[in-house]
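Descriptive structure summary
Read off the chains here:
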Amino acid sequence: MTSSPTPGLSRFNALDDAAAAAELHEVCASAAWGSKVLARRPFADTPSLFAAGDAAMAELTPADLEEAMAGHPPIGRPKPGDPTSAREQRGMAGASEELKAELLELNLAYQEKFGHVFLICATGATGEQMRDAVTVRIRNTAEVEREIARGELVKINRIRLTRLAEGE
């Protein structure tokens, strides 16, 4: 049994390249990632969209990866007025001021060490889980951490691609 495109995916497939590229930029800030995914249109179904996104992420250079990470706000500080950022960081909504301050301090230390924001797929994670993750990951080498961040971007992109495919 073959699956067919969802209404959102059909709409995305029908967009002109500029409009489709703009939607992909909302999924991932890397221009190279968006170009690679765009080149594989049209998509028969959501799994083929995921495969294109995953393959594009695997091919990103360190500079492309930096560009992708730069599109994400620090944990605990979602972009004001950005519903995607707020939704993805919902686990911080009920965090204590103490936990928020602790995460801010950890984020700054992480950013100083690695030169980019701490990136984690925050959807469904609590503030405590995110704090624990940064506490562990700050001990990594830059190379190890870059690959972990790449994996987190894959998870985030899949969540965002699902919303695109479902037409949200």
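In this report, we go over the structure that sits alongside the text. Every chain is numbered independently, its residues counted from 1 as its sequence is written. The predicted nature of this model means local features are confined to residues of pLDDT at least 70 and side-chain atom pairs, given and counted, to a pLDDT of 80 or more, with totals for whole chains, interfaces and linings taken over all residues. Hydrogens and water are ignored here; the side-chain numbers use all heavy atoms of the structure.

1. Describing the environment of Ala 21
Which entries qualify depends on this criterion: Going along the chain from the N terminus, every DSSP run of H or I of four or more residues is numbered as a helix, and every run of E of two or more is numbered as a strand.
Structurally, the position occupied by Ala 21 is in helix H2 (residues 17-27). C-alpha of Ala 21 to C-alpha of Ala 31: the two residues are 10 residues apart in sequence and 8.5 Å apart in space.

2. Digging into the pattern of salt bridges
As a reminder, the rule being used: The salt bridge definition used is simple: a Lys or Arg side-chain nitrogen within 4 Å of an Asp or Glu carboxyl oxygen. Note on exposure labels: buried denotes an accessible area under 20% of the residue type's maximum, exposed denotes more than 50%, and partly exposed covers the range between, all computed with a 1.4 Å probe on protein chains only.
Applying the stated rule across the entire model yields 10 salt bridges. The partner of Glu 59 in a salt bridge is Lys 36, and the shortest N-O contact between them spans 3.3 Å. Here Glu 59, found in the loop between helix H4 (46-58) and helix H5 (62-70), pairs with Lys 36, found in helix H3 (residues 31-38); they are 23 residues apart in sequence, far enough to count as distant. Looking at Glu 59, the relative accessible area reads 49%, which means it is partly exposed. On the basis of relative accessible area, Lys 36 is assigned to the partly exposed category, the value being 29%. Here Asp 132 makes a salt bridge to Arg 131, at a shortest N to O gap of 3.1 Å. Given a relative accessible area of 40%, Asp 132 falls into the partly exposed group. Via salt bridges that share partners, Glu 102, Arg 131 and Asp 132 belong to a single interconnected network.

3. With respect to the nonpolar core
Put simply, the test is: By nonpolar core is meant a set of buried Ala, Val, Leu, Ile, Met, Phe, Trp, Tyr and Cys residues that side-chain atoms within 4.5 Å join together. Any two residues whose heavy atoms approach within 4.5 Å at even a single point are treated as in contact.
Counting residues in hydrophobic clusters, the biggest one holds 27 residues, and the most contacted among them are Trp 33, Val 37 and Leu 49. Those elements giving two or more residues to this core turn out to be helix H1 (7-14), H2, H3, H4, H5 and helix H9 (142-166). Residue contributions to this core peak at six residues, all from H9. The contact partners of Leu 49, leaving out residues within four places of it in the chain, are Leu 9, Val 37, Phe 43, Leu 161, Leu 164 and Ala 165. Residues Met 92, Phe 114, Ala 122 and Ala 133 belong to the second largest nonpolar core, which totals 16 residues.

4. Things to note about H5
Our working rule: Picture the helix axis, draw a direction to every C-beta atom, and the arc is the one those directions span.
Buried residues of H5: Asp 64, Leu 65, Ala 68 and Met 69, and no others. Looking straight down H5, one finds that the buried residues subtend no more than 140° of arc, so they occupy a single side. Exposed side of H5, more than 90 degrees from the buried face: Ala 63 and Ala 70 are the residues found there. Buried residues belonging to H5 abut H3, H4 and H9.

Limitation: the analysis is restricted to geometry and does not speak to function.
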